[in-house]
Amino acid sequence: MLIGKVVGSVWATKKLDSFEGKKLLIIQPFNEDMKPEDKFIVAVDTVQAGKGDIIFYATSKEAAIPFKNDKMPADAAIVGIIDGFSL
Amino acid sequence: MILCKVLGSVYSTKKNKNFKGYKIMLVREITPSGNFKGKPFLAIDATDSGKGDTVLVIKDGGSLQIITKSKDIPENAIIAGVVDQVNLEV
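(A) Structural context of the interface of chain B and chain A. Chain B puts 29 residues into the contact, and the matching count from chain A is 27 residues. In total, chain B and chain A occlude about 2,300 Å² of area from one another, counting both sides; carbon and sulfur atoms represent 57% of this. Three residues stand out in chain B for area buried against chain A, namely Lys14, Lys39 and Pro74 of chain B, and they jointly supply 25% of the buried area on that side. Counting the contacts that link chain B with chain A gives 1 salt bridge. For the salt bridge of lysine 39 of chain B with glutamate 37 of chain A, the shortest nitrogen-to-oxygen distance reads 2.7 Å. With 5 residues, the single largest contributor to the side of chain B that touches chain A is strand 1 (residues 2–11) of chain B. In terms of residue class, the side of chain B that touches chain A is made up of 11 nonpolar, 10 polar and 8 charged. Of the strand pairs in this sheet, strand 6 (residues 84–86) of chain A and strand 1 of chain B are connected by 3 bridges, and their pairing is antiparallel. Note on strand 1 of chain B: the bridge partner recorded for serine 86 of chain A is serine 9 of chain B.

Structural data, given as structure tokens:
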């Protein structure tokens, strides 16, 4: 899983049915120094993440796992909010 | 598999329930001579590794499902061993 920061959200009325009722959040992935890099992806939220949260997200086929039954065609899903690291 | 260094562990109360029972570690790939490479990422721990350990990480969802005997963990990276020694005999 990768780490990133939630920097915004996306509203789409015309979209795939499977996104119905799901929050679409904009994430900036972290770079080598654990700082947001200049790249933005949109991920489906599964843990009620909010703007500013540091989160971790599953990608590729693992992104569909949280939605097992309704076959979510997403390639990125937020699956946890980080409270802190012990480094 | 790749060689990684365990940078530390992750605290997360609000997360997918299927992570229950697994520690989530922050790891980063290292070359056999110990230099960091690429971005830090998260792996679940199947071998009780700790901060500072050099570990073997499998980055494949199928293997993770075999090890954890579960198809419900939204993760593809798992720590499969704690490395005691790396020899680079050419």
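(B) Fine view of the sheet that holds strand 1 (residues 2–10) of chain A. All names here are of chain A. Strand order in this closed barrel of 5 strands is 1-2-3-5-4, and the pairing throughout is mixed. Within this sheet the neighbouring strands show an average axis-to-axis angle of 55°, counted without direction. The pairing of strand 2 (residues 24–29) with strand 3 (residues 41–45) spans 4 bridges and is antiparallel. When the bridges of strand 3 are listed, isoleucine 26 appears paired with valine 42.

Calculation notes
Residues numbered from 1 in each chain as written. Chains lettered and ligands numbered in written order. Predicted model: local features only at pLDDT ≥ 70, side-chain atom pairs only at ≥ 80, totals over all residues. Heavy atoms only, no water. Contact = heavy atoms within 4.5 Å. Buried area = accessible area lost by both parts, 1.4 Å probe. Salt bridge = Lys/Arg side-chain N within 4 Å of Asp/Glu carboxyl O. Helix = DSSP H or I, 4+ residues; strand = E, 2+ residues; numbered from the N terminus. Nonpolar A, V, L, I, M, F, W, Y, C, P; charged D, E, K, R; others polar. Pairing = 2+ DSSP bridges. Axes fitted to C-alpha atoms, helices over the stretch in contact; angles between N-to-C directions.

Without other data, these values stay purely geometric and don't point to any function.
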